[in-house]
Amino acid sequence: MTPTGRTAVFGLIGQPIAHSLSPSIWNHLFAEHQMDAVYVALPAPPDAGGAALATSIRTLGLAAVNLTIPHKTAILPYLDELSDAARRAGAVNFVRCVDGRLLGDNTDGGGFMLSLSLEHGLIVKDRRTVILGAGGAARAVAAELAYSGAAEVVLLNRTAERAHQAVVDLRAALGSAGRALAHGSLTADSYARRAAKADLVVNCTGGGARGLINGFDPTILSSDAVWSDLNYWDDRPPLLQLHRDRQLKTQDGLMMLVCQAVLAFQAVSDARPDPRQVFDALNKGWLR
Ligand code: NAP
């Protein structure tokens with residue numbers, strides 16, 4: 001559909017974002033469902049500030065935006081409403097503007113859970129899980145794992161204080177489900193101790209931790225565990241190929257990216273797209 005003066009404008013706010021697959025996914029969904037809408041990359045520097053972003057969304061009449069770090073938390077004080085998932089994670093990745101009110105949501109954790117279910121059918125209730133990292137994505141994933149009844153959700157992070165703070169905040173937001181949370185340091189020893197009993201390990205660190213994680217023992221995880229890496233953009237994700245070689249179940253973050261987009265899309269449309277079809281189109285290169 002050719003954009004006109006009435007076309008609804010959606011976007012991704014962050015920097016750098018030129019590599020992002022989100023415009024391809026969203027514009028594909030708009031076309032599939034014949035919506036008069038367009039999704040564009042909106043570069044904004046990390047120090048743009050939450051107030052400026054909230055004003056921009058309202059003033060420019062944007063329909064909704066996705067946000068990358070650090071905007072996911074910087075914008076929180078300027079939002080009118082938060083979804084339960086955003087409250088649990090303490091961050092938003094999607095903000096809609098409805099009648100001038102800014103409604104914040106977080107579909108990262110839900111997108112991860114949906115991807116886990118679609119790719120491996122894993123039910124996390126009573127499972128032991130380990131998260132590498134304690135940043136925004138780690139918090140969103142940890143919140144949904146604990147909320148879904150995982151027996152253990154252990155965050156291992158390079159910076160101990162950040163992992164400690166994440167657990168404190170998540171416990172406050174989760175109530176009794178927060179009892180599953182614990183933290184430790186991101187070292188080969190603590191990984192070996194925790195991963196030996198784990199049903200699921202999720203790498204939520206950025207690309208900088210590759211060298212460190214590549215030094216972890218790839219034989220520690222049991223053969224029926226799942227190894228998941230959020231960094232779909234990484235062409236050499238640490239340990240992923242070694243775990244595939246061992247026939248473990250693995251994820252590379254691409255299905256999560258699709259699922260978090262589909263969940264957000266459902267908030268602005270009555271359509272219920274099948275994430276697997278979008279994933280197939282992306283994987284076959286149709287949308288890139
Ligand atoms: P973030 O808030 O900046 O957190 C980054 C995490 O990586 C922190 O735990 C940080 O540890 C750790 N880290 C960074 N460099 C490290 C290094 N050299 N050694 C050890 N640890 C290191 O970022 P985020 O928002 O959580 O995103 C994390 C990744 O997830 C990104 O690459 C992003 O693209 C990906 N992601 C994917 C999806 C998806 O849909 N597939 C969704 C969201 C995010 P410290 O605390 O010690 O700095």
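The text that follows walks through the structure, step by step, so that each part is easy to find. A quick note: this is a predicted structure, and the numbers were derived from the prediction, not measured.

What counts, and at which threshold
Starting afresh in each chain, residues are numbered from 1 along the sequence in its written order. Reporting of local features is limited, given that this is a predicted model, to residues whose pLDDT is at least 70; pairs of side-chain atoms are given and counted only at 80 or more, and all residues count toward the totals for whole chains, interfaces and linings. With hydrogens and water excluded, all non-hydrogen atoms of the structure serve as input to the side-chain values. Distances are taken per atom, and a residue is near a molecule or strand as soon as one of its heavy atoms is within 4 Å of it. Between N or O atoms, a polar contact is any pair within 3.5 Å; within protein, one atom must be a potential hydrogen donor and the other a potential acceptor, and residues adjacent in sequence are included only when both atoms are from side chains. Per-residue and other accessible areas were derived by the Shrake-Rupley procedure at a 1.4 Å probe size, with only the shown protein chains allowed to occlude residues. Aromatic rings from Phe, Tyr and Trp, with only the six-membered ring used for Trp, were paired whenever their centres fell within 6.5 Å, and each pair was classed as stacked if the ring planes differed by under 30 degrees, edge-to-face if by over 60, and tilted otherwise. In this text, helices come from DSSP runs of H or I with a minimum length of four residues, and strands from runs of E with a minimum of two, each type numbered from the N-terminal end. When DSSP finds at least two bridges between two strands, those strands are taken to pair. Whether two residues are in contact is decided by their heavy atoms, any of which lying within 4.5 Å being enough. Axis angles are defined between N-to-C directions and span 0 to 180 degrees, where every axis is a line fitted to C-alpha atoms and, for a helix, only to the segment in contact. One fewer than the residue count of a helix, multiplied by 1.5 Å, yields its expected span. When the strands point away from the viewer and the path from the first strand over the helix to the second turns clockwise, the crossover is right-handed. The set of buried Ala, Val, Leu, Ile, Met, Phe, Trp, Tyr and Cys residues whose side-chain atoms join them within 4.5 Å is what this entry labels a nonpolar core. A simple rule labels every residue: compare its accessible area, found with a 1.4 Å probe on the protein chains alone, to the largest value its type can have, and call it buried under 20%, exposed over 50%, or partly exposed in between.

**Some details on the site of the ligand**
- Neighbouring residues of the ligand: 23 residues in total, closest Ala137, Asn157, Arg158, Thr159 and Asn231.
- At a separation of 2.8 Å, an oxygen atom of the ligand approaches a polar backbone atom of Ala137.
- Here Gly253 contributes a backbone N or O atom positioned 3.0 Å from a nitrogen atom of the ligand.
- Summarising the interface, the protein chains cover 82% of the accessible area of the ligand, which totals 920 Å² for the free molecule.

**Description of the packing of aromatic side chains**
- Tallied over the entire structure, the rule returns eight aromatic pairs.
- Measuring from ring centre to ring centre gives 6.1 Å for Phe30 and Phe265, while their planes differ by 50°; the resulting arrangement is tilted. Placement of the pair is Phe30 in helix 1 (residues 22-32) and Phe265 in helix 11 (residues 254-266), with a sequence separation of 235 residues.
- A ring pair is formed by Tyr191 and Phe216, whose centres lie 4.8 Å apart and whose planes are at 20°; its orientation type is stacked. Of the two residues, Tyr191 is situated in helix 8 (residues 188-195) and Phe216 in the loop between helix 9 (210-214) and strand 11 (226-229); the sequence distance between them amounts to 25 residues.

**Some thoughts on the sheet that holds strand 6 (residues 101-105)**
- Here we have six strands laid out as an open sheet, ordered 2-1-3-5-6-4, and mixed in their pairing. Looking along the sheet, the strands with just one partner apiece sit at the ends: strand 2 (37-43) and strand 4 (81-82).
- For strand 3 (residues 64-67) and strand 5 (residues 94-98), the ladder comprises three bridges, and the chain directions are antiparallel. Pairing of Ala64 across the sheet is with Arg96, part of strand 5.
- Against the sheet, helix 1 touches strand 1 (8-14), strand 2, strand 3 and strand 5, its axis set at about 170° to strand 2.

**Considering helix 5 (residues 108-120)**
- The end-to-end C-alpha distance of helix 5 is 18 Å, a good match for the 18 Å that 13 residues give at a rise of 1.5 Å each.
- As for helix 5, its buried residues are in contact with helix 3 (71-74), helix 6 (136-147), strand 10 (200-203), strand 11, strand 12 (249-251) and helix 11.
- Within two residues after helix 5, Gly121 carries a phi angle of roughly 60°, on the positive side.

**Observations concerning the pairing of strand 9 (residues 181-185)**
- Note that strand 8 (residues 152-157) and strand 9 share five bridges and pair parallel. When the sheet's bridge partners are listed, Leu156 is paired in strand 9 with Gly184.
- Between the parallel pair strand 8 and strand 9, the chain is carried across by helix 7 (residues 160-174), and the sense of this crossover is right-handed.

**Digging into the nonpolar core**
- Judged by nonpolar contacts, the single largest core of 29 residues is most densely connected at Phe112, Ile131, Leu145, Val153, Leu155 and Leu181.
- Listed by contribution, the elements that provide at least two residues to this core are helix 5, helix 6, strand 8, helix 7 and strand 10.
- Looking at this core element by element, the count peaks at six residues for helix 6.
- Setting aside residues no more than four positions away along its own chain, Val153 makes contact with Thr129, Ile131, Ala142, Leu145, Ala146, Ala180, Leu181 and Ala182.
- Judged by nonpolar contacts, the second largest core, of 28 residues, contains Leu21, Leu29, Val258 and Val262.

Honestly, it's all geometry; don't read function into it.
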